[in-house]
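Chain residues, written in single-letter form:
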Amino acid sequence: MTDEYDPRVELLYVYAVTRPLGRGLPDGVRGFDGEPPELIEHRGLCAAVSRVPAEDFNAIPLRAHLEDMDWLAATARTHAAVVAALATITCPVPLRLATVCRDEDGVRRLLDSGHARFTAAIERLDGRIEWGVKVYAQAGPPDPAPQPQAVTGRDYLRRRLGQRQSRDDTWRRAGLLSRALHAELCERAEAGRLHRPQSARLSGEPGENVLNAAYLVPREQSEEFVSAVRDGIPRVEGVRVELTGPWAPYSFAGPGGGQEETA
């Protein structure tokens, strides 16, 4: 896509690639234009797309929008909602956020160029879903309010040392739990992938993210997997475990399918 554009032109935003559906999308699903996504079939594949304005999605404005966290979050929610709707009726291969083609021929070229990869991913992921597991080291209690009586330097240093030791102990416990939990869940899943820990500033979650992992699980084994996370984890002081999903298998849709873990 070039940086030159006519802002009146409509581009095609591609959410995911599937096998041809043979039916419409679930009721109520809407894309960026407020309409149900269109389905473009080509060579045994199907792309779910919406028409979007060039003034927002061509190269120059898109680069600016990707620096806008509010715009990015809203775009990600719409993208995820369409993929989630597809996942209720088929096996979608989610595409990267803001994958845009100029016209229907551009979508067909996308399906041509990625045909082998899309076909292999659909075969590998069919009947499987993704679960996310995060482990957080909870922040310790805030410093107590200043006391009216004088505090010696030795008392202050002793208190600060105790607070640091408490934080270090929490991180150690969170790390031990994360390693044991990840090893166990990889045994229960077909594949596991480690993502970079999320920044607390971006996630808005309390505590520091120690483990941020995704697991590929056959749909019929999901209940067993969920039980292993919710019921089989020992309670550890200062450590919180969060389970999310089920999701379409975003983490395993690319080349390699997540068989090799990435830190």
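Just above sits the structure.
Analysis parameters
Residues numbered from 1 in each chain as written. Predicted model: local features only at pLDDT ≥ 70, side-chain atom pairs only at ≥ 80, totals over all residues. Heavy atoms only, no water. Phe/Tyr/Trp six-rings, centres within 6.5 Å; stacked < 30°, edge-to-face > 60°. Helix = DSSP H or I, 4+ residues; strand = E, 2+ residues; numbered from the N terminus. Buried < 20%, exposed > 50% of the residue type's maximum accessible area, 1.4 Å probe, protein only. Lys NZ or Arg CZ within 6 Å of the ring centre and 35° of its normal. Pairing = 2+ DSSP bridges. Axes fitted to C-alpha atoms, helices over the stretch in contact; angles between N-to-C directions. Contact = heavy atoms within 4.5 Å.

Participant: Lay out the packing of aromatic side chains with the relevant residues and their values.
Facilitator: Tallied over the entire structure, the rule returns seven aromatic pairs. Centroid distance Tyr 13 to Phe 57: 5.7 Å. Interplanar angle 80°. Geometry classified as edge-to-face. Separated by 44 residues along the polypeptide, Tyr 13 in strand 1 (residues 10-18) and Phe 57 in helix 1 (residues 54-57) bring together distant segments of the chain. For Tyr 13, a relative accessible area of 0% translates into the label buried. Given the relative accessible area of 5%, Phe 57 is considered buried. With a centroid separation of 5.7 Å and 10° between ring planes, the pair formed by Tyr 15 and Phe 32 is classed as stacked. Linking Tyr 15 in strand 1 with Phe 32 in the loop between strand 1 and strand 2 (38-42), this pair joins segments that are 17 residues apart in sequence. Here Tyr 15 falls in the buried class, since its relative accessible area comes to 0%. Put simply, the rings of Tyr 13, Tyr 15, Phe 32, Phe 57 and Trp 71 touch in pairs and so form one group of aromatic residues. Positioned over the ring face of Tyr 136 is Arg 240, at 4.3 Å from the centre of the ring.

Participant: Any chance you could break down the sheet that holds strand 9 (residues 239-247) for me, citing the residues and the numbers?
Facilitator: Taken in spatial order, the four strands make up an open sheet running 7-8-6-9, and their pairing is antiparallel. Sheet topology places strand 7 (191-194) and strand 9 at the edges, where each strand pairs with a single neighbour. The mean inter-strand angle of the sheet, taken between neighbouring strand axes irrespective of direction, is 20°. Where strand 6 (residues 128-137) lies against strand 9, seven bridges are found, and the strand directions are antiparallel. By the bridge assignment, Tyr 136 is partnered in strand 9 with Arg 240. Contacting strand 6, strand 8 (208-218) and strand 9, helix 8 (residues 222-231) crosses the sheet at an angle of about 5° to strand 6.

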